[in-house]
Amino acid sequence: MSSRRSRSRQSAGSGITDDQIAELVTRLQQLLPEIRSRCSDKVSASKVLQETCNYIRSLHREVDDLSERLSELLATSDNAQAAIIRSLLTQ
Amino acid sequence: MTNPGGLRSSFARIFLRSLSRINSGRVSSSRGRTLPKHRSISIAAYASMASAVGTRRAWSREVLRRIRRGGARRASRRTSEFPVGRKGRKEPGNGKKLKKEAGDGNEGSSIQGMRKKLRRLVPGGEGMEFHRLLAETAHYIKCLKTQVGVMRSIADYYTPV
C-alpha cells in the first residue's frame with residue numbers, strides 16, 4: 001500500500017485539505033441511517049467509517065436476500081414475462 | 001449531483017430485462033459453469049446498476065470490468081470481503097500506524113483499519129486517494145440503496161398477497 005503516504009492527514013501535497021475530508025465524511029454520515037438521527041456533531045470519523053462499512057455489508061446482504069426471494073418468485077410465476085413488462089410500464 | 005429518479009428508472013429497466021433473460025433460461029454463464037439462479041440475479045443486479053451508472057464512476061467501471069472478465073466469483077463483491085487471511089496483518093501494524101495518526105485526535109488505529117475495510121468493500125477502492133474513496137463510497141451507497149429499493153419493489157410486486 002504505497003498510497004499510505006498520501007493518505008496521511010498531514011500531507012497536503014495533493015491539495016486536499018482536512019476540511020474537505022471532513023466535509024466528505026459529513027456527507028457520508030448523512031447517508032447512514034443510524035447516525036443521522038443522533039447528534040451529528042459528536043460523531044468521530046472512525047465511527048462514521050465503521051458505520052459505513054457495516055452499512056455497505058448489510059446492503060450487500062439485502063441484495064443477496066432479495067435475489068433469493070426473486071429467484072423463488074420468478075420460478076413459481078408462470079406469466080412472469082408479461083408481468084415484468086407490465087411493471088416496466090408502471091415504473 | 002445525479003438525478004436519482006433517472007438512475008432508478010435506468011436501473012429498473014436494465015435489471016428487469018436481465019431478469020426476464022434469466023427467467024427464460026437464456027443466461028450466458030462463462031466457463032460453462034451453471035450458476036444458481038439467485039446468484040445470477042444478484043450478479044445481474046450489480047451489473048445492471050453499474051451499467052445504469054455508466055463509466056463515470058470508478059466503482060462502476062471496476063464492477064463492469066470484473067463482470068466482463070467473467071466468472072461469478074470475480075464479479076461478486078464477495079472477493080473484497082474475504083480479507084480473512086490478510087486481516088491479521090493489521091494488528092501488528094497498528095503500533096506503527098498510531099504514530100502516523102498522532103495529530104489526528106481520533107482513535108488513529110481504527111481509522112486506518114476502517115480505511116482498509118472500506119477500500120476492500122468499495123469496488124476499485126484499492127488504488128484511490130482517501131478523499132476520492134470517500135466520494136466513491138457515498139455514491140456507491142446511494143446506488144446500492146436505489147438497487148435494494150427497486151429489487152424490493154419487484155419482489156413485493158410478485159409476492160402473492
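Residues numbered from 1 in each chain as written. Chains lettered and ligands numbered in written order. Predicted model: local features only at pLDDT ≥ 70, side-chain atom pairs only at ≥ 80, totals over all residues. Heavy atoms only, no water.

### Quick word on the overall build of chain A
For chain A, the helix and strand inventory stands at five helices and zero strands. Ordered by position from the N terminus, the helices and strands of chain A form the series α-α-α-α-α. Within chain A, buried positions represent 41% of all 91 residues. On chain A, roughly 5,300 Å² of surface is accessible, and the fraction owed to carbon and sulfur atoms is 48%. (Helix = DSSP H or I, 4+ residues; strand = E, 2+ residues; numbered from the N terminus. Buried < 20%, exposed > 50% of the residue type's maximum accessible area, 1.4 Å probe, protein only. Areas by Shrake-Rupley, 256 points an atom, 1.4 Å probe, with all protein chains shown as cover.)

### Observations regarding the overall build of chain B
Along the backbone of chain B there are eight helices and zero strands. Classification of the 161 residues of chain B by burial places 52% in the buried group. Considering only contacts in chain B between residues 6 or more positions apart, those separated by 24 or more positions represent 58%. Surface summary for chain B: the accessible area is close to 7,800 Å², and the carbon and sulfur share equals 52%. (Contact = heavy atoms within 4.5 Å.)

### Structural notes on the packing of aromatic side chains
The tally for this structure, following the rule as stated, stands at two aromatic pairs over all chains. Over the aromatic face of Phe130 of chain B sits the side chain of Arg115 of chain B, whose NZ or CZ is 4.0 Å from the ring centroid. (Phe/Tyr/Trp six-rings, centres within 6.5 Å; stacked < 30°, edge-to-face > 60°. Lys NZ or Arg CZ within 6 Å of the ring centre and 35° of its normal.)

### Overview of the nonpolar core
Core analysis: the largest hydrophobic core is formed by 61 residues, its most contacted members being Phe15, Leu19 and Leu134 of chain B. Of all elements in the fold, only α2 (18-31) and α4 (45-76) of chain A together with α1 (4-23), α2 (37-53), α3 (58-69), α7 (108-121) and α8 (130-158) of chain B reach the threshold of two or more residues within this core. Broken down by element, the residue count for this core peaks at 15 residues, all from α8 of chain B. Leu134 of chain B has contacts with Ile21, Leu24, Val25, Leu28 and Leu49 of chain A together with Leu118 of chain B, leaving out every residue within four places of it along the chain. (Core = buried A, V, L, I, M, F, W, Y, C linked by side-chain atoms within 4.5 Å.)

### Details of the pattern of salt bridges
Applying the stated criterion to the full structure yields six salt bridges over all chains. For Arg69 of chain A, the salt bridge goes to Asp156 of chain B, with nearest N and O atoms at 2.8 Å. Residue Arg69 of chain A is located in helix α4, and its partner Asp156 of chain B is located in helix α8; the two belong to separate chains. By relative accessible area, which is 30% here, Arg69 of chain A ends up partly exposed. We note a salt bridge from Glu62 of chain B to Arg66 of chain B, for which the minimum N-O separation is 3.0 Å. Taken together, the residues span about one helical turn, with Glu62 of chain B and Arg66 of chain B both in helix α3 at a distance of four residues. When sorted by exposure, Glu62 of chain B lands in the same class as Arg66 of chain B, which is buried. Connected through shared salt-bridge partners, Glu62, Arg65 and Arg66 of chain B make up one network. (Salt bridge = Lys/Arg side-chain N within 4 Å of Asp/Glu carboxyl O.)

### Observations regarding α2 of chain B
All names here are of chain B. Along its 17 residues, α2 runs 24 Å from first to last C-alpha, staying within 8% of the 24 Å computed at 1.5 Å per residue. A large share of α2 lies buried, amounting to 14 of its 17 residues. Two residues or fewer after α2 comes Gly54, characterised by a positive phi angle close to 90 degrees. (Expected span 1.5 Å × (residues − 1).)

### Thoughts on α8 of chain B
The terminal C-alpha atoms of α8 of chain B lie 42 Å apart, and with 29 residues this matches the ideal 42 Å at 1.5 Å per residue to within 8%. Burial runs high along α8 of chain B: 21 of the 29 residues are buried.

### What about the state of the cysteines?
A complete count under the given rule lists zero disulfides over all chains for this structure. We note that Cys53 of chain A lacks a disulfide partner, and the nearest cysteine sulfur, in Cys143 of chain B, lies 18 Å from it. On the basis of relative accessible area, Cys143 of chain B is assigned to the buried category, the value being 0%. (Disulfide = S-S within 2.5 Å.)

### Things to note about the confidence of the model for chain A
All names here are of chain A. Here chain A averages 73 in pLDDT, while 62% of its residues score no lower than 70. By mean pLDDT, helix α1 (residues 4-7) is the weakest element of chain A at 48, and α4 is the strongest at 87. Counting interchain partners and residues more than four positions distant, the pLDDT-below-50 stretch residues 5-13 has 17 contacts. (pLDDT = per-residue confidence, 0-100.)

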